[in-house]
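Summary of structural features
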Amino acid sequence: MSVTGVTGVTSSSPSFTQMTREAQVQSKAATTKSFQSEVDGNLADKTRQAAVEFEGVTIGELLQPMFDTIDTSEGMFGGGAAETQFRSLQVLEMGKQIANSGGIGIADSVYKQMLKMQEKAQS
């Protein structure tokens, strides 16, 4: 586009309106990109948390047979119906604590697989 200024000199620079539109488009693209990375970040965080929770449940299930073989009826504070009833919840919580403290590596493998599955679904 050619603009003739007050002095009569021809200029080929873009008009103010074009520059404003380009700035708006760039701003919108940056906002969209920022939102997309925020969504991706949130999704990655949720995926990681799901993997850690899965590891916690898995460790709890692996610990359950060990606690099933313990006889606590002879102890001063052991045994009883309440202990039998709540033992599985206690073991599950122990598994969650182990997983939240670093676990045994199951969450890392599950997390990688979940990311691969999400990438495949998006493409």
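The structure this text deals with has already been given above.
The structure displayed is predicted, hence computed values, not measured ones.

So, on to the overall build of the chain. Within the chain one finds three helices and two strands. Along the chain, helices (α) and strands (β) appear in the sequence β-β-α-α-α when read from the amino end. Burial status across the chain gives 14% buried among its 123 residues.

Take helix H2 (residues 81-100) next. Taking 1.5 Å as the rise per residue, H2 with 20 residues should run 28 Å; its terminal C-alpha atoms sit 30 Å apart, in good agreement. Considering bend angle alone, the principal kink of H2 is centred on Arg 87 and spans about 45 degrees. If you check which residues of H2 are buried, you get Arg 87, Val 91, Gly 95 and Ala 99. Immediately downstream of H2, the backbone of Gly 102 shows phi near 125 degrees, a positive value.

In this fold, Thr 47 is placed in helix H1 (residues 16-68). Using a relative accessible area of 3% as the deciding quantity, one classes Thr 47 as buried. Excluding residues within four positions of it along the chain, Thr 47 makes contact with Tyr 111, Met 114, Leu 115 and Gln 118.

Turning to the nonpolar core, a few remarks are in order. Counting residues in each nonpolar core, the largest one holds 10 residues, listed as Ala 51, Val 52, Ile 59, Leu 63, Phe 67, Val 91, Ala 99, Ala 107, Val 110 and Tyr 111. When sequence neighbours within four positions are dropped, the list of residues in contact with Leu 63 reads Val 91, Met 94, Gly 95 and Ile 98.

Rules of the game
- Residues numbered from 1 in each chain as written.
- Predicted model: local features only at pLDDT ≥ 70, side-chain atom pairs only at ≥ 80, totals over all residues.
- Heavy atoms only, no water.
- Helix = DSSP H or I, 4+ residues; strand = E, 2+ residues; numbered from the N terminus.
- Buried < 20%, exposed > 50% of the residue type's maximum accessible area, 1.4 Å probe, protein only.
- Expected span 1.5 Å × (residues − 1).
- Bend = angle between axes of the 7 residues up to and from the residue.
- Contact = heavy atoms within 4.5 Å.
- Core = buried A, V, L, I, M, F, W, Y, C linked by side-chain atoms within 4.5 Å.

Without other data, these values stay purely geometric and don't point to any function.
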